[in-house]
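# Coordinate analysis (summary)
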Amino acid sequence: MHACGKKGRCTTCKIILKSGEENLSPPTKPELDYLSQGRLKCGERLSCQAELTTGEIVVRVGEFNKFPHIAYSE
Ligand code: FES
């Protein structure tokens, strides 16, 4: 949802990585802070913070973060 304007201050943009984690930039300070607080789990990233460096990724959006008007593949 990007509720904070992509500033790393919420977690509404959270993605759950299914594959390709190695193709993303290292976690940013906001992501590390959320990881230490347990608001992000291993294998979860903030889409506003993670940059695709090479290759592809496959992600899933958690139920809490889904828009009701969008059809998700799973
Ligand atoms: S949009 Fe708020 S943390 Fe990514």
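Residues numbered from 1 in each chain as written. Predicted model: local features only at pLDDT ≥ 70, side-chain atom pairs only at ≥ 80, totals over all residues. Heavy atoms only, no water.

What the rule picks out here adds up to 0 disulfides. With no disulfide partner, Cys42 has as its closest neighbouring cysteine sulfur the one in Cys13, 17 Å distant. Overall, Cys42 belongs to the exposed group, its relative accessible area being 82%. (Disulfide = S-S within 2.5 Å. Buried < 20%, exposed > 50% of the residue type's maximum accessible area, 1.4 Å probe, protein only.)

The next thing to look at is the sheet that holds strand S1 (residues 14-19). Across the sheet, which stays open at both edges, the 3 strands sit in the order S2-S1-S3 with antiparallel pairing between neighbours. Of all strands in the sheet, those with a lone pairing partner are strand S2 (44-46) and strand S3 (58-60), marking the two edges. Between one strand and the next, the sheet's axes are offset by a mean angle of 45 degrees, whatever the strand orientation. (Pairing = 2+ DSSP bridges. Helix = DSSP H or I, 4+ residues; strand = E, 2+ residues; numbered from the N terminus. Axes fitted to C-alpha atoms, helices over the stretch in contact; angles between N-to-C directions.)

Further remarks concern the side chain of Asn65. Looking at where Asn65 falls in the secondary structure, it is placed in the segment after S3. In terms of polar contacts, Asn65 uses its side chain to reach the backbone carbonyl oxygen of Thr12, at 3.1 Å. Each residue touching Asn65, except ones within four places of it in the same chain, is listed here: Met1, Thr11, Thr12, Cys13, Lys14 and Tyr72. (Polar contact = N/O pair within 3.5 Å; in protein donor to acceptor, adjacent residues only side chain to side chain. Contact = heavy atoms within 4.5 Å.)

In this structure the tally under the stated criterion is 4 salt bridges. The salt bridge involving Glu31 is made with Arg45; its shortest N-O contact spans 2.7 Å. One end of the pair, Glu31, is in helix H1 (residues 29-37); the other, Arg45, is in strand S2, with 14 residues separating them in the sequence. Accessibility assignment for this pair places Glu31 and Arg45 in one class, buried. (Salt bridge = Lys/Arg side-chain N within 4 Å of Asp/Glu carboxyl O.)

Let's shift gears to the nonpolar core. In this structure, Cys13, Tyr34, Leu40, Leu46 and Cys48 together form the largest nonpolar core, which totals 5 residues. Residue contacts for Leu46: discarding those within four places in its chain leaves Gly8, Cys10, Thr11, Cys13, Lys14, Glu31, Tyr34 and Leu40. (Core = buried A, V, L, I, M, F, W, Y, C linked by side-chain atoms within 4.5 Å.)

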